[in-house]
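# Secondary and tertiary structure notes
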Amino acid sequence: MGVRKHNMAEQLKEARKSRAFAKLTNCPTSPRKMRLVADLVRGVEVEKALQILKFSSKEASINLEKLLLSAIANWQAKNEDAAIEEAGLYVKSICVDSAGMLKRLRPAPQGRAHRIRKRSNHVTLELGSKNIESK
């Protein structure tokens, strides 16, 4: 590998160190319902986001809480020497995309059938650190 490529690879590696994310794929909840809960925690500090998700009555909040805990664990694995309280972690971005649909048929009157679409989604959650970004 050349010197320029090596230096660029080192810069990318250093940039990825502060970027911690987690993905949830094929979650059997409709994207519309998941986005309602995701909007509650977007841009919020991690501790407050965990409390919001814990006490939310929506079913999607259970999956998002697990995803947020996974992202925190990923951040801790990359930054072993740093403490979570001093880092000022917050939910930098959370993206809910639609995944594949299970298509089913429901009998309807007069020999017809209606299509039932059971939707699922993919969620990507990225954490940011206020102390690292301000430097």
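Scroll up to find the structure this text is about.
What counts as what
- Residues numbered from 1 in each chain as written.
- Predicted model: local features only at pLDDT ≥ 70, side-chain atom pairs only at ≥ 80, totals over all residues.
- Heavy atoms only, no water.
- Helix = DSSP H or I, 4+ residues; strand = E, 2+ residues; numbered from the N terminus.
- Buried < 20%, exposed > 50% of the residue type's maximum accessible area, 1.4 Å probe, protein only.
- Pairing = 2+ DSSP bridges.
- Axes fitted to C-alpha atoms, helices over the stretch in contact; angles between N-to-C directions.
- Contact = heavy atoms within 4.5 Å.
- Polar contact = N/O pair within 3.5 Å; in protein donor to acceptor, adjacent residues only side chain to side chain.
- Parallel < 35°, antiparallel > 145°, perpendicular 65-115°, else oblique.
- Left-handed = near helix turned anticlockwise from the far one by under 90°.

### Notes on unusual backbone geometry
- Even without being glycine, Asn26 reaches a positive phi, approximately 55 degrees.
- Summarising the element assignment, Asn26 is placed in strand β1 (residues 20–27).
- Residue Asn26 is classed as exposed on the basis of its relative accessible area of 52%.
- The backbone of Gln110 sits at a positive phi, close to 60 degrees, despite the residue not being glycine.
- Along the chain, Gln110 falls in the loop between β3 (102–107) and β4 (113–118).

### As for the sheet that holds strand β5 (residues 121–129)
- If you walk across this open sheet you meet the 3 strands as β1-β5-β2, and the pairing is antiparallel. Single-partner strands in this sheet number two, and they are β1 and β2 (89–98). Taken pair by pair, the neighbouring strands of this sheet meet at an average axis angle of 15 degrees, ignoring direction.
- Two elements, β1 and β5, share 6 bridges in a ladder whose sense is antiparallel. Each bridged residue has a counterpart across the sheet, and for Ala22 the counterpart in β5 is Leu125.
- Across the sheet, helix α4 (residues 60–78) lies against β1, β2 and β5, angled at about 145 degrees from β1, the strand it touches most.

### Let's talk about the pairing of β3
- Counting buried residues in β3 gives 0 out of 6 residues, a small share hidden from the surface.
- Bridging between β3 and β4 involves 6 bridges; their strand directions are antiparallel. Bridged to Arg104 within β4 is Ile116.
- Between β3 and β4, which pair antiparallel one after the other, the connecting turn spans 5 residues, and Gln110 there sits at a positive phi close to 60 degrees.

### What to know about the side chain of Ser129
- As for its placement among the helices and strands, Ser129 is situated in strand β5.
- When its relative accessible area of 3% is taken as the criterion, Ser129 is described as buried.
- A distance of 2.6 Å separates a polar side-chain atom of Ser129 from the backbone oxygen of Ala87.
- If we ignore the near neighbours within four places in the chain, the residues touching Ser129 are Ala87, Gly88, Leu89 and Tyr90.

### Quick look at the packing of helix α2 (residues 31–41) against α4
- At a minimum axis separation of 9 Å, α2 and α4 run at an interaxial angle of 55 degrees. Considered as vectors, α2 and α4 are oriented oblique to each other. Handedness of the α2/α4 crossing: right-handed. In this structure, α2 contributes Lys33, Met34, Val37 and Ala38 to the contact, and α4 contributes Ala60, Ser61, Asn63 and Leu64.

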